[in-house]
Every structure is written in C-alpha cells, then in structure tokens.
Amino acid sequence: MSYYTNIGAVDNMYQCVLTLWSHTMYTSSKGDRQIFLSSSEIKQDWSDHALWWEQKQQWLLKPSWTLDKCGIHADARLCLTPQHKPLQLVMPSSIVLRMRVCFSSPVFRTIMGICKLLNIRRPEELSLLWPVEEKKKKKDKDVGEEVYDITCAPLPSSTIPKLANGMPAFFAETPETEVVYKILAVSQPAPAPETIAKLYRTTNIMEKAHINSRWLDSSRSLLQQGVKENDKLILRFKYYTFHDIIPQADVVRLTQLYEQSRWAILLEEIECTEEEMMVFAALQYHIGKVSLTEQSVASCPAMEDLDSALQCLEVKMEGESSADDIPKRLTLKGYKQYWFTFKDTTISYYKSKEESSKEPIQQMNLKGCEVAPDVSVAGQKFCIRLLIPGPEGMNEVYLRCEHEQQYSQWMAACRLASKGKTLADSSFSSEVQSIQSFLAMQKTTPRNNTAQTDESINTHSLVSPRYQKKYKPKQLTPRILEAYQNVAQLSLTDAIQKFLQIWQALPDFGLSYIVGCRKDEVLGIANNRLIRIDLSVGDVVKTWRYNTMRQWNVNWDIKQVAIEFDGNVNIAFSCVTANCKIVHEYIGGYIFMSTRCREQSDTLNEELFHKLTGGHEAL
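In this report, we go over the structure that sits alongside the text. (Residues numbered from 1 in each chain as written. Predicted model: local features only at pLDDT ≥ 70, side-chain atom pairs only at ≥ 80, totals over all residues. Heavy atoms only, no water.)

**Topic: the pairing of strand E23 (residues 549–555)**
Formally: The pairing criterion is simple: DSSP has to find at least two bridges between the two strands. Each helix is a run of DSSP H or I of at least 4 residues and each strand a run of E of at least 2, with the numbering of both proceeding from the N terminus.
In terms of strand pairing, E23 meets strand E24 (residues 560–565) through 6 bridges, oriented antiparallel. When the sheet's bridge partners are listed, Val554 is paired in E24 with Val561.

Okay, here's the thing in structure tokens:
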C-alpha cells in the first residue's frame, strides 16, 4: 500500500521531508507531486533517507533547492528511500559480505566508504563489477554459499574508531564480527580442486575482454546503474599499481591483494610457465602453513626513556598462575630481573617480589592492544609480542616464556585482556586449550617430517586445472617440495610479497583487454602502456607508453576514443565489448594513480579523479 502527500513547488527538499515526517499521509488530488512511502517505512529513523526521482534516474541531494529549481513538474514521481542499502559484496578472497553501502554517492565514493569500514587503504585502486552469469548444470545442486552479515556496522560516513592493531573497533564487539575480520586479514586455506574446476574461467582474450565490460561507472551512483538492494557485486583491484604498501598497516589490503593474485593464477587468468607455477604452488603452501602461526601486526614508534628499555623486554615466567593474579619473573636486556604480575587487564612490574605490595615501576593496560605470537616449537621459542597504545603511539613489548604451558596461559591472558576481559572470564580455559592445540599442530619429528609434509600437500589445490590434468599428485609433490625449500624460511609477510613480486613480473601482468571495432583487434590497457593485439596473428603489433601521451579525447556520439602521442602519432579506438567510458576511465585512472606520491596524505583528490575519468558527465 502506498501513501501520497501534497508538497509545494516553492518548498525546498528539506521542508518537504519535514512535511512527510510531521503530517498524516493522505491521498492527494490530481496534479500534486507524488512521493511514495510504504506503510512499514513511516515509523523509523529517516536521517539516512533522500528523494529519488524515478523518471530521471536521479537523486535529489541538495536540500536547499526548491523542487521547481530541480526541474520537478506535477507528474514527477519521487521516492523517499534510504541512501544506504544492503549489498552482497564478493571480496577478492571469494568470501561474501552483506553490508550497507551508499547507493546515492558516485561509486568512487561508495568504495571509499567500503574500504574505510574494512580497513583497506588506497581505495582508489579498487572498483566494483557485475558478476558473470553462469549457466547452472542440471546435475549441479543448489548449494547456498555462506554470507557474512555485517549490516549492523556503522555507516562509513561516520567516524569509525580503530583498535591498536588498526582493526575497526566494530569488528571487536562480538565474536562473530571478529571472525569476519580475521577471515579478511588472514589468507584462506587452499581451495579444493573441485572448487577450482567449477569456477568460471576465461579461455581466451575475447572472454577476458567481456569481463572488463562489467565494471561499474565510478562517476555514477549504484542506483543510477540499476543496482538494487541485496544485489551481488564483486570488489576487485582494478588498477594494477599498488601504491605505498605498508605491511603493518595494510594487513587486509595485502591479504586481499594476495588472494586476488592467487585466484588469477589458479583460474589461469594470466599465463605463467610450468616452473613459475611450481614456485607459486610452493609459496601458497608455505603461506598456508605460516598463516596458522604468524599474524601481521601494526608497527609502532620506539618508546623513550624506560619505554625504550622495555622494547626488548623478555619475561622469564616462573611460579603458578591463578584466575586473578599471575606473577612471573622478567629479564630485561642487560640481565636485570623484575617481578611481574598480571591482574585483570593490566601488567605491572616491580624490582622484586617483596616490593610487589608497593607502587609498581610501570603498569601496562592491555585493553585494545595487539597480541601476536612469536613461536618456534622446534627451536623452543615461545614469545608474545604486544603492541600497547601509548600517548605518543604504540609501545612494543616482548614476553618470553620458558615452556608451552606458561606460554599458553600468558597468551590466553593477553588475548582476553586485549578484548577488555579478565582472567576470571569463562573463556580463559578454552582459550588456553585452543593455544595448546595450535602448538601441537606444529610438532613434528625429524624422522617422519618429510612423510608428513608429503601427505599434507594437496597438490591439485595449489596449481591450475591445466597442471591438474597434466600431472598426478605423486608427480607434483616432489617438484613443489623442491621449490618449497627455497621459500621455507620466509615470514608470512615476506612470502606474500614474494608471491606478488613474481606475479607482477609476469609478461601479461596488469593487462585489461577491450575488443575494438574489428573482432580481431584488441586493446590492452596496463598501468604504464597501451598495446594493440592482432588476434589473426596472435601477437602484439603496437605499444604506446603513457609518458609519451599528449592528450586523449572521447567522442561520446560515435563511442570512439582518440589518443595523441608524441611525434604526431594519433590512434582512434572504438569499443565493441565495453562502453568507451570504461576505456576512458582506465586511462584516466592510471594517469591519476601516477600523480600519487609518498609525501601525500591518505586524503584523495576526488575532484581530480573525476576530471580524469568522468568525461562529459563529470564536467
């Protein structure tokens, strides 16, 4: 059932909305402007609502303007609707999030909001595209994929407080949301070979070109492009120029970038040699193993005075622990020992046990801190790394335990304290057991180490279908293990960066294809060049670099992109598989990316981006 109301032509939109709030809805007489509201929408928070002009496919977002100034006539149909609506978002790691995103802002700003909520820096490198419509086979049963619902998250337009490790505080509110963030920030297990085989794979350049026709326009809103509430869209790194990657600050960004590159290899979106595939498989195997034992944490500035001494703090744990108080011995650099106590969420230390009844030398509240393991079971190294918030930044503290039991208790205590929970919390025992189980997974004996490793490798989950068909697991295992020996000592972050480095060194890295007016002509767009491919000969026939480009123009009437290079070189390109706006946005986007520098803040020059990519619509 719909409701109507009379609104004045001279009223501004703010007054119209107030009228809707304060007056009883009734059916208007003929000729009145119409605003439709469903009966269920009347009693609710209207602060996020705005007017949507259906006939013009346009948002009315200037509250001070009158309706006449907006060009609204008597037959206009205006819909009062929320600006933020639920959307299913497929991440590069293939997990699906259901979250509220802005349907009224340009897609570029909407992505900024998404990345702000998910703690992904440099949102200008990402964009949204429609998923590929796959034909379901009769034999395939409908299997519902898991969707992680975070629609309860604060709107991205609001301030999102962060914890010490950079994780938005929202994700720490419940165990369910904390699991979602961990899934985003930690590499996912290797997919089953059956999963890889069922996923859509492009088999030629033409199919790759059709994928690029699905990118959304960054200058227009989601609703303007036909996106509806609860639709599914894909979030991907669109521009292959990754600026200012800081592993400690870019945990989610780096993980999702690795996942996108990994799937590009497994789904054969990019060509690589057999030797390169073995290295990629070895790195995936290593990253999967290390992800279980190592967590990326945020960096912090060095402490001053006593804090500087505590930076290399080592704790020698002795004595028994209780639910309320866990005293231990501490060894500072220089072999000075202190008496440590852990009570509630605070660590305190003293010169000796006898002075523990007096004022401590220092207290460190672990609430909101980052807790990370630094463990090597084989080397009998059981350390806990703490990043504790301080007035001038983050303070780094290392605690060393003598054996597994002490480590398990202190690690559990630190984890609970970081969440604001005390040692009396009912989850303390289960947390200790979980840590002990985690340590048990790493235990191997030299005698059967190789055999266990061989059995633990699911080789067909680490290579593309081409090599799954070509080799049996017994043939792949020794080759992957041989490559693994060269990367086995890498840390998690180093292994991921090594994977990305090899990916970026592939000849076809970062090429996005668009089919021209001739079916045998393809334009390839990269971060530093344009190439023309002649499919009749299957080779690149021409390359132009951006640093020789003087200007480019788009003829929107005939949908043609014209580019002028140094030396009076002019090319014109018409698009078949994609709108010429996509080509224009690619070129302008890469030009925009080249203007970034390390000295700049994280504040984006949104106006410049739209000038370079928006065309006549932005102007």
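**Notes on unusual backbone geometry**
The phi torsion at Ser94 lies on the positive side, around 80 degrees, for a residue other than glycine. Mapped onto the elements, Ser94 comes out in the loop between strand E6 (84–90) and strand E7 (96–102).

**Focus: the pairing of E7**
Short version of the rule: Three exposure classes are used, based on accessible area relative to the maximum for each residue type with a 1.4 Å probe and protein chains only: buried under 20%, partly exposed in between, and exposed over 50%.
Of all the 7 residues making up E7, 5 are buried; the element is thus mostly covered by neighbouring parts of the structure. Across 7 bridges, the pairing between E6 and E7 is antiparallel. Among the inter-strand pairings, Val90 is bridged to a residue of E7, identified as Val96. Between E6 and E7, which pair antiparallel in sequence order, lie 5 residues; one of them, Ser94, sits at a positive phi of approximately 80 degrees. With 3 bridges connecting them, E7 and strand E9 (residues 147–149) associate as parallel partners. Each residue of the ladder has a partner; that of Arg98, found in E9, is Asp149.

**Focus on the nonpolar core**
Applicable threshold: Definition of nonpolar core: a set of buried residues of the types Ala, Val, Leu, Ile, Met, Phe, Trp, Tyr and Cys, connected through side-chain atoms within 4.5 Å. Two residues form a contact once any of their heavy atoms are found within 4.5 Å.
Of all hydrophobic cores here, the largest spans 113 residues; its most connected members are Leu222, Trp503 and Leu530. In terms of residue count, helix H7 (residues 274–290) provides more of this core than any other element does, 9 residues in total. Apart from residues no more than four positions distant in its own chain, Leu530 is found in contact with Leu523, Gly524, Ile525, Lys542, Thr543, Trp544, Tyr546, Met549, Ile563, Phe565 and Ile587. With 29 residues, the next largest nonpolar core counts Leu386, Leu399, Ala413 and Cys414 among its residues.

**A look at the side chain of Thr459**
Looking at the secondary structure, you find Thr459 in the loop between helix H11 (449–456) and helix H12 (465–470). With residues up to four places along the chain from it excluded, the contact list for Thr459 reads Pro473, Leu476, Thr477 and Ile480.

**Regarding the environment of His610**
Tracing the sequence through the fold places His610 in helix H16 (residues 606–613). For His610, a relative accessible area of 13% translates into the label buried. On a C-alpha basis, the gap between His610 and Ser219 in space is 6.7 Å, while along the polypeptide they are 391 residues apart.

**Overview of the sheet that holds E6**
Just so we agree on the cut-off: Fitting a line to C-alpha atoms yields each axis, with helices limited to the stretch in contact; the angle taken between N-to-C directions then spans 0 to 180 degrees.
Pairing in this open sheet of 5 strands is mixed, and the strands run E8-E10-E6-E7-E9 from one edge to the other. Edge positions in the sheet fall to strand E8 (126–129) and E9, since each has one partner strand and no second. Taken pair by pair, the neighbouring strands of this sheet meet at an average axis angle of 40 degrees, ignoring direction. Bridge count between E6 and strand E10 (residues 232–237): 3 bridges; the pairing is parallel. Bridge pairing links Gln88 to Lys232 in E10.

**Things to note about the pattern of salt bridges**
As a reminder of what qualifies: Any Lys or Arg side-chain nitrogen located within 4 Å of an Asp or Glu carboxyl oxygen qualifies as a salt bridge.
Under the definition given, this model contains 24 salt bridges. Within the structure, one salt-bridge network assembled from shared partners comprises Arg121, Arg122, Glu124, Glu125, Asp244, Asp250, Arg253 and Arg596.

**Focus: the sheet that holds strand E19 (residues 512–515)**
With antiparallel pairing, 4 strands are arranged side by side in an open sheet as E19-E20-E21-E22. In this open sheet, the two strands that pair with only one neighbour each are E19 and strand E22 (539–545). Each neighbouring strand pair of the sheet contributes to a mean axis angle of 25 degrees, computed without reference to strand direction. Sheet topology note: the strand E20 (residues 521–525)/strand E21 (residues 529–534) ladder contains 5 bridges and is antiparallel. What sits directly across from Val522, in E21, is Ile533. Lying on the sheet, helix H15 (residues 580–594) is in contact with E19, E20 and E21; it crosses E20 at an angle near 30 degrees.

**Here's the deal with the packing of aromatic side chains**
Let me state the cut-off plainly: Aromatic rings from Phe, Tyr and Trp, with only the six-membered ring used for Trp, were paired whenever their centres fell within 6.5 Å, and each pair was classed as stacked if the ring planes differed by under 30 degrees, edge-to-face if by over 60, and tilted otherwise.
Going through the model one piece at a time under the given rule, you end up with 22 aromatic pairs. For the ring pair Phe108 and Phe609, a centre distance of 4.0 Å and an interplane angle of 20 degrees mean the geometry is stacked. Placement of the pair is Phe108 in helix H2 (residues 107–118) and Phe609 in helix H16, with a sequence separation of 501 residues. For Phe108, a relative accessible area of 4% puts it in the buried group. Relative to Tyr590, the ring of Tyr586 has its centre 6.4 Å away and its plane inclined at 20 degrees; by these criteria the two rings are stacked. With a gap of 4 residues between them, Tyr586 and Tyr590 both fall in helix H15, about one helical turn apart. What makes Tyr586 buried here is its relative accessible area of 1%. Take Tyr590: its relative accessible area is 2%, and that puts it in the buried class. Put simply, the rings of Phe237, Tyr240, Phe242, Trp503 and Phe509 touch in pairs and so form one group of aromatic residues.

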